[in-house]
Amino acid sequence: MNYRHAFHAGNFADVVKHVVLARILAYLGQKDAAYRVLDTHAGAGLYDLAGEEAQRTGEWEGGIGAVLRATFTPEVTALLKPWLDVVRAVNPGVEGDTPAALAARLRHYPGSPLIAQALTRPQDRLLFCETVGGVRESLTDAIGRDGRTKVLPTDAWQALTAYLPPKERRGLVLVDPPFEEPGEFHRMAQGLIEAHKRWPTGVYALWYPIKDVRAVDGFRREIERARIPKVLNIQFDLRAVRQADAMSGCGLIIVNPPFVLAEELRLVLNALVRVLATDGTGRVRIGWITAER
Ligand SMILES: C[S@@+](CC[C@H](N)C(=O)[O-])C[C@H]1O[C@@H](n2cnc3c(N)ncnc32)[C@H](O)[C@@H]1O
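A brief report on the enclosed structure follows.

Procedures and definitions
Residues numbered from 1 in each chain as written. Predicted model: local features only at pLDDT ≥ 70, side-chain atom pairs only at ≥ 80, totals over all residues. Heavy atoms only, no water. Phe/Tyr/Trp six-rings, centres within 6.5 Å; stacked < 30°, edge-to-face > 60°. Buried < 20%, exposed > 50% of the residue type's maximum accessible area, 1.4 Å probe, protein only. Lys NZ or Arg CZ within 6 Å of the ring centre and 35° of its normal. Axes fitted to C-alpha atoms, helices over the stretch in contact; angles between N-to-C directions. Helix = DSSP H or I, 4+ residues; strand = E, 2+ residues; numbered from the N terminus. Parallel < 35°, antiparallel > 145°, perpendicular 65-115°, else oblique. Contact = heavy atoms within 4.5 Å. Nonpolar A, V, L, I, M, F, W, Y, C, P; charged D, E, K, R; others polar. Near = heavy atom within 4 Å. Polar contact = N/O pair within 3.5 Å; in protein donor to acceptor, adjacent residues only side chain to side chain. Core = buried A, V, L, I, M, F, W, Y, C linked by side-chain atoms within 4.5 Å. Pairing = 2+ DSSP bridges. Patch = residues over 30% accessible without salt bridge, like charges linked within 9 Å, V, L, I, M, F, W, Y side chains within 5 Å. Areas by Shrake-Rupley, 256 points an atom, 1.4 Å probe, with all protein chains shown as cover. Salt bridge = Lys/Arg side-chain N within 4 Å of Asp/Glu carboxyl O.

### Observations regarding the packing of aromatic side chains
Under the defined criterion, the tally for this structure stands at 7 aromatic pairs. Ring centres of phenylalanine 179 and phenylalanine 185 lie 4.8 Å apart, and the angle between their planes is 55°; this geometry places the pair in the tilted category. This pair shows no difference in class: phenylalanine 179 is buried, exactly as phenylalanine 185 is. Grouping aromatic residues by their ring pairs yields a cluster made of Phe179, Phe185, Trp207, Tyr208 and Phe219. Over the aromatic face of tryptophan 207 sits the side chain of lysine 17, whose NZ or CZ is 5.7 Å from the ring centroid.

Put into structure tokens, the structure is as follows:
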């Protein structure tokens, strides 16, 4: 398997995933009690948008690039702020604090571990799993010295049982597989079911691509059958028309979502779809798979 996230860093799917991540962390940080982040598929942490991979696809231009060029209402701007503050922090030396100024000098994009590192507090703890050696080294470099974090070579699916529940008994598990191997949807559903048995009160965010619609439906049904309570499904369709083998959208399954999350995401993702879905056929669907609280 040779998936490299550098080709896709900062694209529309990263934008959606990272906005959701930042909103969940903002909520968890409202209480003083420490919490844990387990990022099972961490990636390299920091991506060079001027590097060969990112340049080859240019995907980031239709993602973070488009977001920084857009204008949003004050409410949406406030919801995007924690995530965009991290993007700004990894691009030092930008003069002026407007998104346009950042867009003009954008060079780096932060992955989920750097976003989590930036948005957590001294009392919080973070575990990042990454099985590919070179990618793991890049991640360790990107994180720098931070006694709160551990970068581990542990396989994601083992981590879901080995490291749960965390001793803090609060926190978030982010599961973001590359979806390059057959059976990934089933593995992810089973991983959630096992993890949830061990830690039923944790917040879980599971990212998935919308490409093979039947696989997506099967995944949702598998989760529905497991009768895990409080499961929110977020679907972000970039376009209505499906092209063979191209990702037409992405989604996230959120277990135990913070109380305000669905409403916040309705606002912010509907604003983002207008900016990112350029052919006007994009749409956002947010609904409960199992029982709203
Ligand atoms: C989609 S990327 C992660 C992106 C990252 N979560 C972010 O948002 O910035 C998936 C990563 O998972 C790693 N990976 C693949 N299979 C894995 C496994 N079984 N356990 C842990 N990491 C894995 C890949 O090497 C890749 O870096």
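### Describing the packing of helix 4 (residues 74–89) against helix 11 (residues 261–276)
Look at helix 4 against helix 11: their axes get within 10 Å of each other, and the N-to-C directions meet at 100°. Relative to helix 11, the element helix 4 is oriented roughly perpendicular. Between helix 4 and helix 11, the contacting residues are Glu75, Val76, Leu79 and Leu80 on the first element and Glu264, Leu267, Val268, Ala271 and Leu272 on the second. Each residue belonging to the contact of helix 4 with helix 11 can be placed in one class, and the counts come to 7 nonpolar, no polar and 2 charged.

### Comments concerning the site of the ligand
Residues in contact with the ligand amount to 19 residues; listed here are only the nearest, His18, Glu130, Asp155, Ala156 and Asp176. Aspartate 155 has a polar side-chain atom sitting 2.8 Å from a nitrogen atom of the ligand. The side chain of aspartate 176 places a nitrogen or oxygen atom 2.7 Å from a nitrogen atom of the ligand. A per-class count over the shell around the ligand returns 7 nonpolar, 8 polar and 4 charged.

### Focus: the side chain of threonine 149
Inspection of the secondary structure assignment puts threonine 149 in strand 5 (residues 149–152). According to the relative accessible area criterion, threonine 149 is buried, its value standing at 13%. Excluding anything up to four places from it in sequence, threonine 149 contacts Leu126, Phe128 and Ile143.

### Remarks on the nonpolar core
Ranked by internal contacts, the top residues of the largest apolar core, which has 102 residues, are Ile64, Trp83, Phe236, Ile254 and Leu272. When residues of this core are assigned to their parent elements, the largest contribution, 11 residues, is made by helix 1 (residues 12–28). Phenylalanine 236 has contacts with Phe12, Val16, Ile210, Gly249, Cys250, Leu269, Leu272, Val273, Leu276, Arg283 and Val284, leaving out every residue within four places of it along the chain.

### Description of the pairing of strand 9 (residues 249–255)
Of all 7 residues making up strand 9, 7 are buried, and the element is well covered by its neighbours. Covered by surrounding structure in strand 9 are Gly249, Gly251, Ile253 and Val255 together with Cys250, Leu252 and Ile254, the residues of both alternating faces. Sheet topology places strand 7 (residues 203–210) next to strand 9; 7 bridges connect them, and they run antiparallel. When the sheet's bridge partners are listed, tyrosine 204 is paired in strand 9 with valine 255.

### Some words on the environment of valine 94
Mapped onto the secondary structure, valine 94 falls in the loop between helix 4 and helix 5 (99–105). You can call valine 94 buried: its relative accessible area is 16%. Taking C-alpha positions, valine 94 is 46 Å from glutamate 224, a pair spaced 130 residues apart along the chain. Leave out the neighbours within four places in its chain, and valine 94 touches Arg88, Ala101, Leu102 and Arg105.

### Considerations on a nonpolar patch on the surface
A contiguous nonpolar patch, built from Tyr27, Phe259 and Val260 and spanning about 290 Å² of accessible area, is present on the exposed surface. By the element assignment, valine 260 lies in the loop between strand 9 and helix 11. Residue classification places valine 260 among the partly exposed residues on the basis of a relative accessible area of 34%.

### Here's the deal with the pattern of salt bridges
Should the charged atoms of two oppositely charged side chains come close, the side chains can pair. Overall, the coordinates contain 17 salt bridges when judged by the stated rule. With a shortest N-O distance of 2.8 Å, aspartate 85 and lysine 81 are connected by a salt bridge. Of this pair, aspartate 85 and lysine 81 both sit in helix 4, 4 residues apart, which is roughly one turn of that helix. Classification of lysine 81 as partly exposed rests on a relative accessible area of 47%.

### Overview of unusual backbone geometry
Here the residue pair leucine 164 and proline 165 is connected by a cis peptide bond, since its omega of -5° sits within 30 degrees of zero. Turning to its location among the elements, proline 165 is positioned in the loop between helix 8 (156–162) and strand 6 (171–175). Phi angles above zero are rare outside glycine, and arginine 169 is one such case at about 60°. You can see arginine 169 is positioned in the loop between helix 8 and strand 6.

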